[in-house]
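Chain and residue survey
Listed below, chain by chain, are the residues.
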Amino acid sequence: MKSREEIEKEALEVVGKLESVAGNPALRAIKKVGRALKASIPAGYRVLFVIAGGDPRRVGAITARALLYYERRYRRIAGRRPLNLLYMFHDEFDDARLRKEIVKRAVKEKASLLQQTTARYEESEKYLGTTFQALVLDLTNDLKPNDVGRLVGVVEGGGLIILQAPSWDEWDTKMTLFKQNLLVPGHEEPRHIFITWFKRKLLEHEENIFVYDADRGELISGKPPSKFQARSKKTLKIPSNPLFPREIYKLALTQDQVRVIKELEWLYEKPKKGQKKVVIVTADRGRGKSCGVGIGLIGLAKKLGEVKNRVRILVTAPSLSNVQSLMELAYRAAEEAGLKPKAIKRGGKIIEIQGHKFSLEYWEPLAVTRLQADIVAVDEASGIHVPLLHKIWKAHKRLVFAATIHGYEGAGRGFSVRFLSALKNDPNTKLRMVEMEEPIRYSKGDPVERWLFNVLLLDAEPAALSEEDLEDIKEGRLEYLKLDPQWLFSKEGEETLRQLFGIYVLAHYRNEPNDLGMLADAPHHSVRAVRTASGGKIVGAAQVAEEGSLPEDLIDRLLRGEKIAGNIIPDRMLKHARIREYGRMKGWRIVRIATHPDVQDRGIGSRLLEYLYKESIERGYDWLGSGFGVNEKLLNFWLKNGFTSLHLSPDRNPVSGEYTTLVMRPISDRCRIAIEYSSREFKWKLLNSLYDTYRDLETNVAIMILDQDPPGIDSEYRPRDNPIVRDRLWVYNYGPMTYEAATDLINMLAKTYWMHPPEKRPTLSDKERYILVAKVLQGRSWDEVAGELGVHAYKIMVGLKEIVRKLSKHYYGVEEESPVGVELEDLGLQS
C-alpha cells in the first residue's frame, strides 16, 4: 500500500494540470451534463453522472472537473448557499485513495461553495436521513447494492450524483468485495450478473443519467430533460385551530407532513376502555414520514404534559440508525415548543430526548412489548416481523406505525397485507391512515428515483392473477421452473424476476437490495418457482443455497468454534449436534420460500417443497433444510411437510423477536440416522432448557417441537423410582402436599411424558399438555398460565393435580387406594 505522502504528491500533480488530465472529450461530456443541470436545478430533479475508466488519475480528474462545473452552474441558478458534498470510498485500495485525494485537493483549492465530507462505506448507515447537494460513490472496487440504495437518497433535488466505475468493458467481471463475500468453500468463482444488470439499467434510463467511458473518451449514454418545469414554492396550510403549537407545524416541509402532524393530534384523547387508537403513516422512501412523526410526537408531549406529571413516549425501529431523522426533528420541535430538550447519545446517535415533563426514548422492538408508555411509535415498521408488530400492538393503547412502502429499509407491502389487515378487522382498534406522496428532497417524478427503483426492484410486485390462473391453482395445474439467474436478469427474464421478487417482498418482513445482488451473483444459490400452466404467472418462489461437503480440516475448525461463510446448516449442526457427518453431507438450504399473497394456504408452498425434495434426490443430496424465525404457523408448515426441528437459537432475534430454528428433511440413509439421533438429543436439551433459556418460548411452539417422535426416544430415559417417590406423589395427588413441595417429582413426570413415544403416554387434552409445559417445564407463575389460557389460576392448580394423577398412575401405578408410608424394609434397609 502506498504511503499517505505518496498519494498526496500524486494527487497534487493531477490537480495542477486538472484540465489536461481530464481531457477535452471529458470536458465536452461534462458540458452536456451541465445542460441537464441547468434544467434540473430549478425543477428540483437530480442528475446522475457515471465515470468509468481504468486510470484512477483520469477518473479522479474528471470527477473533480464535474463537481467544479456543477458548483458554477448551481451558483448562477440558485445563489451562493454552501453545497455539501458526500464522498464515499474504500480506504484499503491505493487507487480509491488517489481518486479521493484528487477530488479533495481540487475542491479545497478551486471551489468556494463546495464543502466535502469524506467517509468510508462502513460508515454509510449514519448518513441515512441526512441531506447533501452532491454525492460521489466510488464503485470501482465494490458495488454493494445496499450502499447504492442507502446513499443515492441523501441527495436533494437539483443535486449531482457521480458514480466512479472501473473500465466499462471490464466492470461486469471485476471481482468486487461484494462478490468476494458471496464465495463459500467449493464455490470459488462468483457469477457475474448483477453489474451487467446494473449497467443495462443505466443505459435504459437515459434522461438525466449520463455514462462516460473515460478510456475511450466517449459519452455512451444520456440526454438532458425535455419537459421539466421550475419547481414552484408551495405555501403550506396549517390547520386553523391546531391542538399543537403552530411553531412546530412550521417545521413541516410538505403538506403531507402537516397532515401527519394533524392526525397525531387525534391521539391526545385517551381511547375508550378496551379500545386502542392507531395512526398508520405510509410512504415511499424520501417522503419525510419519520420527520413528520417526530414533530407530531413532540406535539403530544407538549399537550399531554399539561395534564400529566410526566409523559413517556417510546420509539422503536429495526435499528437505532432508522430513528435518527425522527429524533433530530423531535429535538428541533421540542426547542420550538419550549420544552428545554436534552439529547442523550450513544455512539453519536440520539437514544433519548429528555425535556420538561417528557421523555422520548428509543428501545429495541422486543423490549417495547414489556415497557409501559403513554404513546408508542414504530418507525420503519415494514422492517419488523409481523408477529412482533402484533405483540407491540397488543401491549399498548395509543400507537403510531410508520412504514416504507418501497425503499431500502424494508418491504412495506408485507406490512400492509399481513399486519394492517389485522388492525382493520379488529373492532376494538380505531384506525386512522395517512399516505404520503410528495418527496421531501426532490420533485415528484425524479428520473434518478425512477432508475433507482427499477435497478434495485424497490417497486417489484407480484403478477395480477386472472380467473384462469385461479382455476389452474384449484385444479393443481402448476409448472415447476428451474430458473437460470443469467436469464432472469436479462431483458427476456426481467418480468419473471419482478414477479419473483415481488412475492419475496410481500412474504418477508425484511428485504434489502443486497438480496437482489446475492440472487444474481452467489454461485451456490439457485432459484426455483411454480407458475400457473395457462396464464404463466409465478405463484410460488424459492431461493436455495447448496451447503456442505466440507473438507475434514474445516470440519475440525468449525467444531472448535471457527466461523465460516455460508454453510449455515452444516455449521450450526456441527457446533450444536457435534456429529461430524453433518459437515461431510451435502444439501440445499431453502433461503426463502414464498407464495403469492392472493393464493396463500392453498397448498402451493407444500407443492413447491415437494418439487425441491424430488430435485434434491436427483442431485444426489443428503438433505433438504431451512432456518427461520420460529412461530406456530411457520413451524407447522415445515413439520407437516416432513421436516424435523433440530436446533433452536439460545437468544431471540432483537428485531424479529423470534428464536431461530433449523429444520431438515433427510434424503440419504446416513442423514436419516444422524437426524434421528440429533432429534432425540435436541428434545432432551429442550426439555432441560425450558426452565431457563427458553422460559419465554411460546408454549405452543415448544409443544410442537416436543411432539416430534424420533425412533427410540425412550431407549435411554428412565424416571427415578423408589417407594418414597411413589409415596410423595400420593400425598401430592390425594393429600395436603402443595405443588411447590413436589416440584422435583412433577418435573420428572413431565419429562417422562415427553421422552416417551405417543403410544406409551397417557392421554392428555391439549389444555393439559399446555399446562404441563408452561407451568412445570417453563416454570411460569399460576397467574401467567391462567392468563394465557383465559381461566382463573385456581383452575390451573386443580387441572395440574389431575394431570399428575394420570401420569402417576400410568408410570408408577399410584392410585388413591395405594398404601401410604414407607418401611425401611421397603427401601431394602434393615434397622
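Residues numbered from 1 in each chain as written. Predicted model: local features only at pLDDT ≥ 70, side-chain atom pairs only at ≥ 80, totals over all residues. Heavy atoms only, no water.

1. Section: the overall build of the protein
The following threshold applies: Every helix listed is a DSSP run of H or I at least four residues long, and every strand listed is a run of E at least two residues long, numbered separately from the N terminus. Using a 1.4 Å probe on the protein chains alone, a residue whose accessible area is under 20% of its type maximum counts as buried, one over 50% counts as exposed, and one in between counts as partly exposed. By definition, residues are in contact when any of their heavy atoms lie within 4.5 Å. All accessible areas in this document rest on Shrake-Rupley with a 1.4 Å probe, and a residue is counted as covered only by the protein chains that are shown. Only four residue types enter the tally: Lys and Arg on the positive side, Asp and Glu on the negative side; His and the chain ends are excluded. In this description, the location of a charge corresponds to atom NZ of lysine, CZ of arginine, CG of aspartate or CD of glutamate.
Counting secondary structure elements, the protein contains 32 helices and 22 strands. In terms of principal-axis extent, the alpha carbons of the protein reach across some 110 × 70 × 60 Å. The 831 residues of the protein split such that 58% are buried. For the protein, long-range pairs separated by at least 24 residues make up 74% of all intrachain contacts whose partners lie at least 6 apart in sequence. Of the roughly 34,200 Å² that the protein leaves accessible, carbon and sulfur atoms contribute 47%. Computed over 130 positive and 115 negative side-chain charges, the inter-centroid distance for the protein is 7 Å.

2. A few points about the sheet that holds strand β3 (residues 114-120)
Our working definition: Should DSSP find at least two bridges between two strands, the strands are regarded as paired. Here the axes come from fitting lines to C-alpha atoms, over the contacting stretch only for helices, and the angles between their N-to-C directions go from 0 to 180 degrees.
Pairing in this open sheet of 7 strands is mixed, and the strands run β3-β2-β4-β5-β1-β6-β7 from one edge to the other. Since the sheet does not close on itself, it has two edges, and those belong to β3 and β7 (218-221), each with one partner. When the angles between neighbouring strand axes are averaged without regard to direction, this sheet yields 20°. With 4 bridges joining them, strand β2 (residues 83-89) and strand β4 (residues 132-138) adopt parallel strand pairing. Following the sheet pairing, M88 is matched in β4 by L137. Here helix α4 (residues 56-78) sits on the sheet in contact with β1 (47-52), β2, β3, β4, β5 (155-165) and β6 (209-213), set at roughly 170° to β5. The strands touched by helix α16 (residues 447-455) within the sheet are β1, β5 and β6, with β1 carrying the most contacts at an inclination of about 60°.

3. Looking at unusual backbone geometry
Even without being glycine, K340 reaches a positive phi, approximately 50°. On the secondary structure map, K340 appears in the loop between α12 (324-336) and β10 (342-346). Looking at K340, the relative accessible area reads 71%, which means it is exposed. With phi around 55°, L457 is a residue other than glycine that occupies positive phi space. On the secondary structure map, L457 appears in the loop between α16 and α17 (467-475).

4. Observations concerning the sheet that holds strand β17 (residues 525-532)
Ordered in space as β16-β17-β18-β19-β20-β22-β21, the 7 strands form an open sheet in which the pairing is mixed. Sheet topology places β16 (478-483) and β21 (644-648) at the edges, where each strand pairs with a single neighbour. In this sheet, adjacent strand axes meet at a mean angle of 30° when their direction is disregarded. Relative to strand β22 (residues 660-666), strand β20 (residues 623-629) runs antiparallel, the two sharing 7 bridges. Bridged to G625 within β22 is M664. Relative to strand β19 (residues 586-595), helix α24 (residues 604-618) is tilted by about 160°, and along the sheet it contacts β16, β17, β18 (538-548), β19, β20 and β22.

5. Considerations on the pairing of β2
The criterion, for reference: Handedness of a crossover is defined as follows: with both strands directed away from the viewer, a clockwise route from the first strand across the helix to the second makes it right-handed.
For β2, the tally of buried residues reaches 6 of 7 residues, placing the bulk of the element in the interior. Assessed by its sense of winding, the connection that carries the chain from β2 through helix α5 (residues 94-110) to β3 is right-handed.

6. Some words on the confidence of the model for the protein
Rules: Per-residue confidence from the predictor is reported as pLDDT, which spans 0 to 100.
The predicted model of the protein has a mean per-residue pLDDT of 92, with 97% of residues at 70 or higher. Low confidence marks residues 408-412, where pLDDT is under 50. Its contacts with residues over four positions away, or in another chain, come to 28 contacts.

7. Regarding helix α32 (residues 793-812)
What counts here: A helix is expected to span 1.5 Å multiplied by its residue count minus one.
For α32, spanning 20 residues, the distance from its first C-alpha to its last is 28 Å, which sits close to the expected 28 Å at 1.5 Å a residue. Among the residues of α32, A793, I796, G799, L800, I803, V804, L807, S808, Y811 and Y812 are the ones counted as buried. Packing partners of the buried residues in α32 comprise α28 (723-734), α29 (743-755), α30 (766-777) and α31 (782-789). Of the residues one or two after α32, G813 is the one with positive phi, at around 70°.

8. Considering empty space enclosed by the protein
Empty space among the atoms becomes apparent when a probe as large as a water molecule is rolled across them. Where we set the bar: Each cavity reported here is a set of points on a 1 Å grid over the protein atoms alone in which a 1.4 Å probe fits but cannot get out, each pocket an open set with protein on both sides within 12 Å along at least five of seven lines, and each lining residue one with an atom within 4 Å of a point. Grid points are joined across faces, edges and corners, and a volume is the space filled by probe spheres set on the points. Polar here means any residue outside two lists: the nonpolar Ala, Val, Leu, Ile, Met, Phe, Trp, Tyr, Cys and Pro, and the charged Asp, Glu, Lys and Arg; Gly therefore counts as polar.
Counted by the stated rule, this structure contains 2 cavities of 30 Å³ or more. Size it by volume and the second largest cavity reaches roughly 30 Å³. Lining the second largest cavity we find L143, T176, F178, K179, F194, I195 and D521. Residues that form the lining of the second largest cavity fall into these classes: 4 nonpolar, 1 polar and 2 charged.

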